[in-house]
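Residue strings, one per chain:
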Amino acid sequence: MAKGANIGLAALSDDTGSVVVGLSWSSASGDGDADVSVLLVDGDGKVRSDSDFYFYNHPDAADGSVQLLGKVPTENGSEDRISLDLTAIPSDVATVIVAASQYGSACFGDLNDLRMTVTDRSGEALLGFSIPDATIETAFIFGELYRRNDEWKFRAVGQGYETGLAGLATDFGITVDEGDDEDADASEAAKTRDEAEEEKPVASGRSEAAGSAEEMSPGVAGTDTRTAAALPIPAQATASTDHAAAATSRTATASPLPADAPQPTRRRGTRTAKKKVTLPKAAKKSLAENDSWKPARLFPVPSYKSDREREVRATSVLLSVMAEVPEFGRRLTAGFGAPAGRMQTFTEVSLPHGDSPKRPDGVIRTERAGKLWTALVETKTNGNPLKSEQVQNYMDIAARRGYEAVIALSNDVALEGSPLVEVKTDGRRKHKVSLWHLSWAEVAHQAQMLIRHEGVGNAAHAWLLQELLHYLQHENSGCHGFQNMGPSWVPVRNGIDGETLCQGDPRAVEVVESWERLIRQVCLRLGGELGQKALPVQRAKRGSDPKSRRMELADRLCEEGKLSAELRVDGAQSILSLTADLRTGKIRTSIDVPAPDGAYPLSVAKRLLRVLNDAPADLHVETLLEGRSGPRGTLERLRPEPGDLLPKDGVAITGFRLSLFKGMGSSRGSTESGFIRSIDEAVDRFYSSVVTHLGQFEQRRAPRGASATETSGAH
């Protein structure tokens with residue numbers, strides 16, 4: 001669509017009651033990101049109250065009409081998805097504004113391929129709108145959905161702001177509360193003597209507005225003098241030394257982060273948000289006489305005789321909790337096109353199919369306004385793969401019975417361009433059935449986000465989710481996530497060790513795909529423990545496809561013998577790098593920390609070592625200079641002599657590289673000697689013992705008082 005164009009959704013599909021909006025972008029450098037937001041505005045173009053503003057700290061509506069689904073990796077970058085149940089949008093809401101904002105000094109001109117898409121509940125794309133001319137804007141209205149004669153229409157807006165999220169929010173009737181952040185900044189500035197000089201305020205204002213369209217939308221913001229309640233725009237989170245809640249016990253594949261590990265600062269929520277319930281930060285003292293007394297569990301995990309018993313049990317446990325905890329059920333199904341409404345779940349339902357009936361592992365049914373949404377569920381546990389024939393049967397049954405979806409649930413992780421099962425669809429059928437994949441790691445991630453960080457409606461729901469997590473993490477549940485690097489792992493590892501692996505070997509591509517699945521799972525687990533979104537960084541070229549990208553990485557693996565990945569935690573200033581060297585058998589975790597401007601080099605070195613006072617003695621610290629590396633050493637050697645980090649020729653220091661090394665597991669599984677276990681442990685140790693201590697150092701890099709927008713934390 002062209003900028004300013006509009007179209008009715010009914011002209012694109014017969015089923016537009018529920019849609020998923022996607023905002024996507026890419027970055028050649030891999031360090032670009034943005035946050036989405038949604039505003040519900042009335043006929044005057046203003047929010048009815050602060051609760052009509054949905055963003056990272058207020059991600060969903062109580063009525064299910066709006067739910068921010070979060071970021072997902074794509075072949076070239078990432079996509080932020082939003083579920084909109086248009087049938088649940090209140091009648092006095094005229095327009096749904098879909099926007100995104102940058103933070104810090106970043107702007108949308110730094111990103112490539114800015115695009116907004118709208119899909120129906122089956123996942124079929126209805127429309128797309130690209131923004132090719134972004135420059136210095138720090139916030140953008142991508143598009144809007146608005147009512148016109150009892151019909152929902154879409155307009156491609158493409159309107160930018162130079163004043164960030166605060167400027168955008170103000171335009172729609174939200175008054176930004178800056179006082180708290182200004183006081184905090186003033187206090188910190190008084191304590192810090194060696195921070196960078198304050199920058200001059202950035203000129204505020206909106207960039208060129210969207211082109212004219214054939215009809216004025218009721219959601220277009222204009223000047224309005226009426227009073228709106230003050231809403232604090234949270235500061236972009238950075239790694240800090242604030243202590244967060246202890247992470248729950250993880251799967252048997254890796255040890256959890258320490259309970260007292262500092263976490264990235266949680267963004268502040270709106271003052272009007274209803275308080276949600278999370279689990280206590282510290283567990284209550286047990287009344288047991290000794291450790292042999294095991295607490296009673298709602299979902300005990302017996303020693304199963306067969307995988308079939310394990311699958312039946314896991315399906316029943318999950319679906320029952322989804323039906324009883326609305327936030328959890330909605331979180332897992334909103335991205336699959338399910339409407340917000342009453343959910344009921346079933347297991348072992350017999351459905352006719354040819355000569356013999358078929359029994360899907362489960363059925364999810366949601367009702368809203370007299371309309372039903374139904375999904376069949378096929379479950380696999382342990383390392384059992386999904387079977388194309390089984391999934392195909394359920395797709396055919398769903399199509400004949402008018403069901404909307406089939407959900408395949410397994411320990412595998414789906415990748416773009418590499419489907420887990422191959423199914424055929426009959427194009428002659430008018431009714432469309434969508435096939436979705438859900439990993440057990442994603443299930444655990446969403447449960448942990450709710451009970452540890454975001455909260456649920458009441459204590460009973462939090463307890464149910466805790467019992468579900470305990471079940472999933474039990475060694476006998478078979479729901480531990482991706483646990484096997486595949487049959488090509490050992491031959492590829494041996495081929496690299498013996499220098500017999502050649503470029504173009506398809507086994508190397510299989511290992512690269514397994515590595516990508518493992519990194520996706522590491523991000524889910526790390527994000528669940530920190531309460532922040534964690535994603536793999538994609539440094540993809542424009543127009544590259546997943547297959548060619550993986551082949552290129554496989555050729556590099558054959559040549560260098562290394563598997564590499566980069567992870568970004570939402571809100572962190574630096575990227576975590578992870579490299580597994582199959583030749584040396586070492587795993588390297590590292591992070592580059594930029595040096596502050598205008599400070600004395602020796603003061604910077606001393607401050608860094610002071611911040612890393614509790615870091616492991618074997619941490620490697622390397623000074624980064626312009627175009628080259630500088631002095632390096634371990635913390636054990638550098639602590640008594642910080643001056644050893646300074647270059648002898650007085651060249652300016654640009655930053656520091658912090659690295660930890662660990663032995664790599666050799667087997668393809670997740671046993672004590674397994675490769676997957678060693679990756680999990682390496683990431684956990686580095687993040688808990690190094691990254692979480694860098695907040696003090698990184699926070700002092702940020703210039704203070706840059707603008708009213710930055711002071712309020714808008715981005």
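Definitions and cut-offs
- Residues numbered from 1 in each chain as written.
- Predicted model: local features only at pLDDT ≥ 70, side-chain atom pairs only at ≥ 80, totals over all residues.
- Heavy atoms only, no water.
- Core = buried A, V, L, I, M, F, W, Y, C linked by side-chain atoms within 4.5 Å.
- Buried < 20%, exposed > 50% of the residue type's maximum accessible area, 1.4 Å probe, protein only.
- Helix = DSSP H or I, 4+ residues; strand = E, 2+ residues; numbered from the N terminus.
- Contact = heavy atoms within 4.5 Å.
- Salt bridge = Lys/Arg side-chain N within 4 Å of Asp/Glu carboxyl O.
- Pairing = 2+ DSSP bridges.
- Axes fitted to C-alpha atoms, helices over the stretch in contact; angles between N-to-C directions.
- Phe/Tyr/Trp six-rings, centres within 6.5 Å; stacked < 30°, edge-to-face > 60°.

With that out of the way, let us pick up the nonpolar core. One finds Trp 515, Leu 563, Leu 619, Phe 656, Leu 658 and Phe 675 to be the most contacted residues of the largest nonpolar core, which totals 65 residues. Per element, the largest residue contribution to this core is ten residues, and it comes from helix α9 (residues 506–530). If we ignore the near neighbours within four places in the chain, the residues touching Phe 656 are Ile 591, Asp 592, Val 593, Ala 595, Val 604, Leu 608, Val 621, Glu 622, Thr 623, Leu 624, Leu 645 and Phe 697. If you look at the next biggest cluster of nonpolar residues, it comprises 40 residues, including Val 321, Phe 328, Ala 375 and Ala 447.

Another point: the pattern of salt bridges. Side-chain pairs of opposite charge can arise where the charged atoms are in close proximity. The final tally for this structure, using the stated rule, is 33 salt bridges. Arg 517 is the salt-bridge partner of Asp 412, the closest N and O atoms lying 3.1 Å from each other. Linking Asp 412 in the loop between β19 (405–410) and β20 (434–439) with Arg 517 in helix α9, this pair joins segments that are 105 residues apart in sequence. A single network of salt bridges, built from pairs that share partners, joins Glu 416, Glu 516, Arg 520, Arg 549 and Arg 550.

Taken in spatial order, the six strands line up as β1-β11-β10-β7-β3-β4 in an open sheet, and their pairing is antiparallel. Looking along the sheet, the strands with just one partner apiece sit at the ends: β1 (6–8) and β4 (53–54). Examined bridge by bridge, strand β3 (residues 35–41) and strand β7 (residues 95–101) share seven bridges and lie antiparallel to one another. By the bridge assignment for β7, Leu 39 is matched with Ile 97. Contacts between helix α1 (residues 164–171) and the sheet are confined to β3, β4, β7, β10 (139–148) and β11 (151–161), with β10 contributing the most and set at about 25° to the helix.

Now for the packing of aromatic side chains. Summed over the entire model, instances satisfying the criterion amount to eight aromatic pairs. Aromatic pair Phe 108 and Phe 140: ring centres 5.5 Å apart, planes at 85°, arrangement edge-to-face. With a gap of 32 residues between them, Phe 108 in the loop between β7 and β8 (112–120) and Phe 140 in strand β10 connect regions that are remote in the sequence. Given the relative accessible area of 0%, Phe 108 is considered buried. Here Phe 140 falls in the buried class, since its relative accessible area comes to 2%. Ring centres of Phe 336 and Trp 436 lie 5.2 Å apart, and the angle between their planes is 25°; on these two criteria the pair is classed as stacked. Taken together, the residues span a long stretch of sequence, with Phe 336 in the loop between α4 (326–333) and β16 (342–347) and Trp 436 in strand β20 at a distance of 100 residues. Of the residues examined, Phe 336 reaches a relative accessible area of 9% and is grouped as buried. Put simply, the rings of Phe 53, Phe 55 and Tyr 56 pair up and form one aromatic cluster.

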